[in-house]
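Topology and contacts: notes
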Amino acid sequence: MVMCEYNAIGVVHSPFKEARGTPIQPSRAKDVMGTVEIFDEYVEGLDDLDGFSHIILLYHFHRSGPYRLKVKPFLDTSLRGLFATRAPSRPNPIGLSVVELVGINGNTLSVRGLDILDETPVLDIKPYVGEFDDREDIRTGWLESARGRTDVADDRFE
Ligand SMILES: C[S@@+](CC[C@H](N)C(=O)[O-])C[C@H]1O[C@@H](n2cnc3c(N)ncnc32)[C@H](O)[C@@H]1O
């Protein structure tokens, strides 16, 4: 087995202190503002990022509970395979959110569209690029008949 160890490059500052009530995706958090603080040793890597309207945040779900391989996702009432969901409790609890980059001031990124808890460790940042990341003819599996309608989380994955 390959062991992977990462150091956080920064931390999220968000209005959400607990899972309950936190938007379940950036698409449900259009007006939620927050910041990403980048630690000093990585700040030079922010050069040229300000030309991008959106960024991909990769982060550690530091408050998630133990994982199960079958879960009831927020948007359904049936059990689904974990890897067919975006549930935060995972063997490697890595989150991915595409957020709007509103501005950069020194080591601080202002972002809009946070579905992330306060104090979440950030693992990486990448520019969102339509040419690379958009796809046509998308299928979305169980979500096409999903019965859940919520925009915010409860505490099922803590
Ligand atoms: C369904 S996940 C989706 C996250 C991300 N957009 C993704 O697709 O990987 C979003 C939920 O994860 C939970 N969450 C966010 N940050 C977390 C953290 N640091 N630790 C544990 N749970 C977190 C909140 O309940 C939030 O509503």
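Residues numbered from 1 in each chain as written. Predicted model: local features only at pLDDT ≥ 70, side-chain atom pairs only at ≥ 80, totals over all residues. Heavy atoms only, no water.

The residue Asp-48 is not glycine, and still its phi comes out positive at about 75 degrees. Mapped onto the elements of the fold, Asp-48 is located in the loop between strand S2 (33-38) and strand S3 (54-60). In this structure, Glu-119 takes a positive phi of about 75 degrees despite not being glycine. Topologically, Glu-119 is positioned in the loop between strand S7 (108-112) and strand S8 (121-127). Judged by relative accessible area, Glu-119 falls into the partly exposed class, the value being 44%. (Helix = DSSP H or I, 4+ residues; strand = E, 2+ residues; numbered from the N terminus. Buried < 20%, exposed > 50% of the residue type's maximum accessible area, 1.4 Å probe, protein only.)

This part covers the sheet that holds strand S6 (residues 94-105). One closed barrel accounts for six strands, arranged S1-S2-S7-S6-S3-S8; its pairing is antiparallel. Neighbour-to-neighbour, the strand axes of the sheet open up by a mean angle of 45 degrees, direction not taken into account. Bridging between strand S1 (residues 10-13) and S2 involves four bridges; their strand directions are antiparallel. Directly across from Val-11, in S2, lies its bridge partner Glu-37. (Pairing = 2+ DSSP bridges. Axes fitted to C-alpha atoms, helices over the stretch in contact; angles between N-to-C directions.)

Approximately 270 Å³ is the volume found for the second largest pocket. Partitioned by chemical class, the residues of the lining of the second largest pocket number seven nonpolar, two polar and one charged. (1 Å grid on protein atoms, 1.4 Å probe; cavity = no way out; pocket = protein on both sides within 12 Å on 5 of 7 lines; lining within 4 Å. Points joined across faces, edges and corners; volume = space filled by probe spheres on them. Nonpolar A, V, L, I, M, F, W, Y, C, P; charged D, E, K, R; others polar.)

Another point: a nonpolar patch on the surface. A contiguous nonpolar surface patch, about 370 Å² in accessible area, is contributed by Tyr-67, Leu-69 and Phe-83. Looking at the element boundaries, Tyr-67 is found in the loop between S3 and strand S4 (70-71). (Patch = residues over 30% accessible without salt bridge, like charges linked within 9 Å, V, L, I, M, F, W, Y side chains within 5 Å. Areas by Shrake-Rupley, 256 points an atom, 1.4 Å probe, with all protein chains shown as cover. Salt bridge = Lys/Arg side-chain N within 4 Å of Asp/Glu carboxyl O.)

The next subject is the packing of aromatic side chains. Across all of its chains, the model carries two aromatic pairs by this definition. Seen in terms of ring centroids, Tyr-59 and Phe-61 are 5.4 Å apart; in terms of plane orientation they differ by 80 degrees. Their pairing is edge-to-face. When its relative accessible area of 3% is taken as the criterion, Tyr-59 is described as buried. Taking the relative accessible area as the measure of exposure, Phe-61 reaches 18% and is therefore buried. Taking 5.3 Å as the distance between ring centres and 85 degrees as the angle between the ring planes, the aromatic pair formed by Phe-74 and Phe-157 counts as edge-to-face. Separated by 83 residues along the polypeptide, Phe-74 in the loop between S4 and strand S5 (80-81) and Phe-157 in the segment after helix H1 (130-133) bring together distant segments of the chain. Overall, the relative accessible area of 6% leaves Phe-157 in the buried class. (Phe/Tyr/Trp six-rings, centres within 6.5 Å; stacked < 30°, edge-to-face > 60°.)

With that settled, consider the side chain of Ser-14. Mapping Ser-14 onto the fold places it in the loop between S1 and S2. There is a polar contact of 2.7 Å between the side chain of Ser-14 and the backbone oxygen of Ile-116. Ignoring any residue separated from it by four or fewer positions in sequence, one finds Ser-14 in contact with Leu-114, Ile-116, Leu-117 and Asp-118. (Polar contact = N/O pair within 3.5 Å; in protein donor to acceptor, adjacent residues only side chain to side chain. Contact = heavy atoms within 4.5 Å.)

A few words on the environment of Gly-10. Among the secondary structure elements, Gly-10 is positioned in strand S1. As for Gly-10 and Gly-95, which are separated by 85 residues in sequence, their C-alpha atoms are 14 Å apart. Excluding anything up to four places from it in sequence, Gly-10 contacts Glu-37, Ile-38, Phe-39, Thr-120, Pro-121 and Val-122.

So far we have only geometry, and geometry alone does not tell us how the molecule works.
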